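Examination of the molecular architecture
Here are the chains, one letter per residue:
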Amino acid sequence: MNIAVMGMGLIGGSFYKAALRAGHTVRGIGHHDPVEVSDADIVLIAIPPAAVVPWIEAHAAEFKKGALVVDATGVKADICEALRKYALQDRWTFIGGHPMAGKEVAGFANSTADLYQGASMILTPYPSCGRIPLDTLEKFFKELGFGRVVITTPEHHDRMIALTSQLAHVVSSAYARDPLALEHHGYSAGSFHDMTRVALLNPDIWTDLFFDNRVALLESLDGFLARLGEYRAALAENDTAKMHELLSQGRDARLAEMAKRG
């Protein structure tokens, strides 16, 4: 197939390299390059969330008939609602997407053909989409190395990502800001490095993502703070039984999740 990738950063660059490796004809489009998408069967858009809708609107008339247009941003509800009209016309189809892979470093130089190996690709189609476009995309993304394609709604995606990704970045950033973290050498092992790894984020990108998903992230953050308060209360009240109970609940929840995954 002919593939066009808009955005040659880490995500777009990795799409570009993985599609080339899979044997597709691929055109990479940087921010200052001429946009040529008229022959593309699939257009992958890997640019910041605020730029997706304006870019698609600007090039809507240029997409090939029957083309599948997929974005790769970490927030779906607002983008999918703004582009809903393209689910109702028969010339080309927009489907929201989010590859669950990344690194702490950005840019094309850090992109790799195997970034998506074994990862999940989330798709948020409109109800009117039908199975044929989804079957085409599932086959394509698995050719790029993805281990699974998850189909969900934009709203459920945003609630889940607030918990599994955005909250983790908030917690990591706050943890890394403790003054004692500067003195961790000789006092830390895997736990410290696991907790601080995603604090090496791009503040421009993640600030936008947090505010684009503000309602869902606030809900996740409030829930986390309430649970964290239970641990603090047990410690402050010298309640070892309660602390043991909370730790057991956390362990059991993790074990249940692991068992569900098999």
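Before going into details, it helps to say that this report is about the structure given with it.

Cut-off values and rules
- Residues numbered from 1 in each chain as written.
- Predicted model: local features only at pLDDT ≥ 70, side-chain atom pairs only at ≥ 80, totals over all residues.
- Heavy atoms only, no water.
- Helix = DSSP H or I, 4+ residues; strand = E, 2+ residues; numbered from the N terminus.
- Buried < 20%, exposed > 50% of the residue type's maximum accessible area, 1.4 Å probe, protein only.
- Patch = residues over 30% accessible without salt bridge, like charges linked within 9 Å, V, L, I, M, F, W, Y side chains within 5 Å.
- Areas by Shrake-Rupley, 256 points an atom, 1.4 Å probe, with all protein chains shown as cover.
- Salt bridge = Lys/Arg side-chain N within 4 Å of Asp/Glu carboxyl O.
- Lys, Arg positive; Asp, Glu negative; His and termini not counted.
- Charge placed at Lys NZ, Arg CZ, Asp CG, Glu CD.
- Arc of directions from axis to C-beta.
- Contact = heavy atoms within 4.5 Å.
- Polar contact = N/O pair within 3.5 Å; in protein donor to acceptor, adjacent residues only side chain to side chain.
- Pairing = 2+ DSSP bridges.
- Axes fitted to C-alpha atoms, helices over the stretch in contact; angles between N-to-C directions.
- Disulfide = S-S within 2.5 Å.
- Right-handed = clockwise from strand over helix to strand, strands pointing away.
- Parallel < 35°, antiparallel > 145°, perpendicular 65-115°, else oblique.
- Left-handed = near helix turned anticlockwise from the far one by under 90°.
- Nonpolar A, V, L, I, M, F, W, Y, C, P; charged D, E, K, R; others polar.

Some details on unusual backbone geometry
Unlike most non-glycine residues, Asn238 shows phi in positive territory, near 55°. With respect to the secondary-structure elements, Asn238 resides in the loop between helix 8 (214-236) and helix 9 (240-261). With relative accessibility at 67%, the residue Asn238 sits in the exposed group.

Looking at a negative patch on the surface
On the surface, Asp78, Asp204, Asp208 and Asp212 cluster together into a negatively charged patch. Mapped onto the secondary structure, Asp204 falls in helix 7 (residues 203-212).

As for helix 7
Trp206, Leu209 and Phe210 are the residues of helix 7 that are buried. Viewed end-on, helix 7 has its buried residues packed into an arc of 100°, placing them on one side of the element. Projecting away from the buried face of helix 7 at angles above 90 degrees are the exposed residues Asp204 and Phe211. Where helix 7 is buried, its residues meet helix 2 (49-59), helix 5 (154-176) and helix 8. At the N-terminal end of helix 7, a side-chain oxygen is found 2.9 Å from the backbone nitrogen of Asp204, two or three residues along, and the residue is Asn202.

What about the sheet that holds strand 7 (residues 148-151)?
Two strands in a sheet stick together by hydrogen bonds in their backbones, pointing the same way (parallel) or opposite ways (antiparallel). With respect to topology, seven strands assemble into an open sheet ordered 2-1-3-4-5-6-7, the strand pairing being mixed. Of all the strands in the sheet, just strand 2 (25-29) and strand 7 have a single pairing partner and so form its edges. Put simply, the sheet's adjacent strands are angled 25° from each other on average, direction ignored. Sheet topology note: the strand 5 (residues 93-99)/strand 6 (residues 120-124) ladder contains four bridges and is antiparallel. Counterpart to Gly96 in the pairing with strand 6 is Thr124.

Quick notes on the state of the cysteines
What the rule picks out here adds up to zero disulfides. No disulfide involves Cys80; its sulfur sits 11 Å from the nearest other cysteine sulfur, which is in Cys129. Owing to a relative accessible area of 16%, Cys129 belongs among the buried residues under this scheme.

A few points about the side chain of His157
Mapped onto the elements, His157 comes out in helix 5. When near neighbours in sequence (up to four residues on either side) are disregarded, His157 contacts Gly74, Val75, Lys76, His98, Ile122, Thr124 and Thr152.

A look at the pairing of strand 7
In the sheet, strand 6 pairs with strand 7 via four bridges, with the strands oriented parallel. Bridging across to strand 7, Ser120 finds its partner in Arg148. Where the polypeptide runs from strand 6 across helix 4 (residues 131-143) and back to strand 7, its parallel neighbour, the crossover connection is right-handed.

A word on the packing of helix 8 against helix 9
Where helix 8 contacts helix 9, the axes come no closer than 8 Å and their chain directions differ by 155°. Classified by the angle between their axes, helix 8 and helix 9 sit roughly antiparallel to one another. Here the hand of the crossing between helix 8 and helix 9 comes out left-handed. Residues Glu230, Tyr231, Ala234 and Leu235 of helix 8 form the contact with helix 9, whose own contacting residues are Lys242, Met243, Leu246 and Leu247. Across the contact of helix 8 with helix 9, the residue classes break down as six nonpolar, no polar and two charged.

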